Structures are given as structure tokens and as C-alpha cells.
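# A closer look at the structure
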Amino acid sequence: MSAIDADFETVALAQLIENKGPSALKGKVTTAIEELSALQLSHPAFTDLSGKFDLNLAISGTTSQPQIQGKASLSDGQVAIVDAGIVLEQIEANINGNLNQVAFDYRATSGQGALNGDGTFNLNDADWALKTALKAQQFTVMNTPEALVIAEPDLTILVTPKLTKVTGRVVIPEAELEPTQFNSTVSPSRDVVIISDEPVAEQTGPTTELDIKIILGDKVKLKAMGFQGRLAGDLRVSGNTNDILLGNGEIKIIDGSYLAYGQLLKVCLLYTSDAAD
């Protein structure tokens, strides 16, 4: 791990104080952390962060309008995502830009698959926006005792102070689901109208909008509470997460069976939904 190296040039301090106008700036900041694990960074969401980090900033402009152009990179990175039970490996990320616009790209592996993406971050006096597009093939997104999920997302994500919008599709070619308990709520139908004398509180704060098509492959298996079978079909999930999410599509149970009281029952079910419960 190296220290931060900084070098700045401007006019003499006395001249800077006397001069009412802007003075020229010139400088640079560089650092290289050969191994992030030496920092012993920890968080409940992740552990075992490692990799090499480099930062290079060039400073120019004037004291009244400084300009910063820089780039940063992470190479040979690795991190364990606690709740998902996965380890992201071979992480590579690059950031290049200035105070107004930053471009970035990233890639990582998980299990037998790989993910890659790129995007931009734009900042002005009144607002900011982050946009990224990502794709993956055979990417392990969850590996816990209750769920092994392999996914192939193709998503576009937009984040602003008021809105997060996720669009695209996610193919799940393979999954093994063995939930030990079910905790869920049922959303009201779209035609339900609630009449009340109390005023409805206006929702404030950022919102999240989804428009994602989920496609199940041939190796999605479900086993729970005596039931086992395969799931197939597709479902388009859309709407605002602060409101009712809609799910349009069909999910089928294939080769299903249910063991109860020593009896093995064959199960065949087709589920069509409008509201995503």
C-alpha cells in the first residue's frame, strides 16, 4: 500500500491574498493501493474485499473555477456478498472523467459466469443522473442453502435523486429453490377501491419503477413442504414499487408431485397473474 502523493502549484500566498482575481492552479494527486485487503474494510453486506486500486487526478483551472480530470481503476478484485452467498471474482472497474461527467465500465465473474457493463454519471448544479447497462451469462446471483440461482440479466438502470428505473429482461436458465418457510403478503386487485374519510398521505421521496421480463429456463426446480417440480414460463413485472406491481404472463408447474400422508400426488398447475403478489 502506498501513501497519497500530491503536488500543487499556484502563486505565492501573499500574492494570492492581494490578488482579487483568480489565480492559476496546477497539480496532481496519485495513489496506488496494491492490496485492498490490507485496509481491512468491513460491512454487514460484504466481506473479504481485495484487489489493487489506482487513482490519478490532474488539477487545473483557477482558484475560482478549479478543474479536475481523473481516472481510477480496480483490478484483480474480489468480494464476498454475505446475504447472497456468492463471491464476485476477477473484478475489473475503470472510471474516467471530470467534475461534470464520468464514464465507467466494470466486469466480474461469479460461479461459472461473467457480468460486464458500462455507464455514465452526469452532474450539474441542479441535478445528477447515473445510467448503466449490464449483461451477464451463466452468472450465479445466489448460492445459499435455500436457493441456487443462475441468471442472465440484460438490464438498463437509471438512477436520479427522485427516480430509479430498471428495464430489460432476466433469463433464469437454472435454479434450485428449497425455501424452509414462506412469508408473503397478498396485494389487492386493481379493481379494489378503498373509501375512507381520512386524507391519503402523499408519497414523497424517491421512487423505483420496474419493467422487467423474467424468463424461466428448463432447469428451474422448486422443492418445499412435500412438493417438488419444475417451473417454466415467463412473467413481465412492471409498475412502481410504492404502488401495486403488475405481473403479466404465465408460470407453469411441470412434472410436479406432492407427498402428503404417505401418498404421492401428481401436480399440474398453470398460474396467470395480473398483480404481482
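Residues numbered from 1 in each chain as written. Predicted model: local features only at pLDDT ≥ 70, side-chain atom pairs only at ≥ 80, totals over all residues. Heavy atoms only, no water.

### Observations regarding the overall build of the chain
Secondary structure summary: the chain contains one helix and 15 strands in total. Within the chain, buried positions represent 26% of all 277 residues. Surface exposure of the chain reaches about 18400 Å², of which carbon and sulfur atoms provide 55%. (Helix = DSSP H or I, 4+ residues; strand = E, 2+ residues; numbered from the N terminus. Buried < 20%, exposed > 50% of the residue type's maximum accessible area, 1.4 Å probe, protein only. Areas by Shrake-Rupley, 256 points an atom, 1.4 Å probe, with all protein chains shown as cover.)

### Some details on the pairing of strand β6 (residues 101-110)
In the sheet, strand β5 (residues 86-98) pairs with β6 via seven bridges, with the strands oriented antiparallel. Bridging from a neighbouring strand, N96 pairs with A103 of β6. Adjacent in sequence and paired antiparallel, β5 and β6 are bridged by two residues. Counting the residues in the hairpin turn of β6 and strand β7 (residues 113-123) gives two residues, including G111, whose phi is positive at 65°. (Pairing = 2+ DSSP bridges.)

### Quick look at the packing of aromatic side chains
To describe a pair of aromatic rings, one takes the distance between the centres and the angle between the planes. Tallied over the full model, the rule gives two aromatic pairs. With a centroid separation of 6.2 Å and an interplanar angle of 20°, the aromatic rings of F104 and Y106 are classed as stacked. Per residue, the accessibility class of F104 equals that of Y106, and both read buried. (Phe/Tyr/Trp six-rings, centres within 6.5 Å; stacked < 30°, edge-to-face > 60°.)

### Observations regarding the environment of N240
Relative to the helices and strands, N240 is located in strand β13 (residues 227-240). Judged by relative accessible area, N240 falls into the partly exposed class, the value being 22%. If we skip the residues at most four places from it in the chain, N240 touches T207, T208, E209 and L245. Among the polar contacts listed, one links the side chain of N240 to the backbone nitrogen of N242, at a separation of 2.8 Å. (Contact = heavy atoms within 4.5 Å. Polar contact = N/O pair within 3.5 Å; in protein donor to acceptor, adjacent residues only side chain to side chain.)

### Digging into unusual backbone geometry
In this model, Q40 sits at a positive phi of 55°, which is unusual for a non-glycine residue. Of note, Q40 is situated in the loop between β2 (26-33) and β3 (46-61). The phi torsion at Q138 lies on the positive side, around 50°, for a residue other than glycine. On the secondary structure map, Q138 appears in the loop between β8 (128-137) and β9 (139-144).

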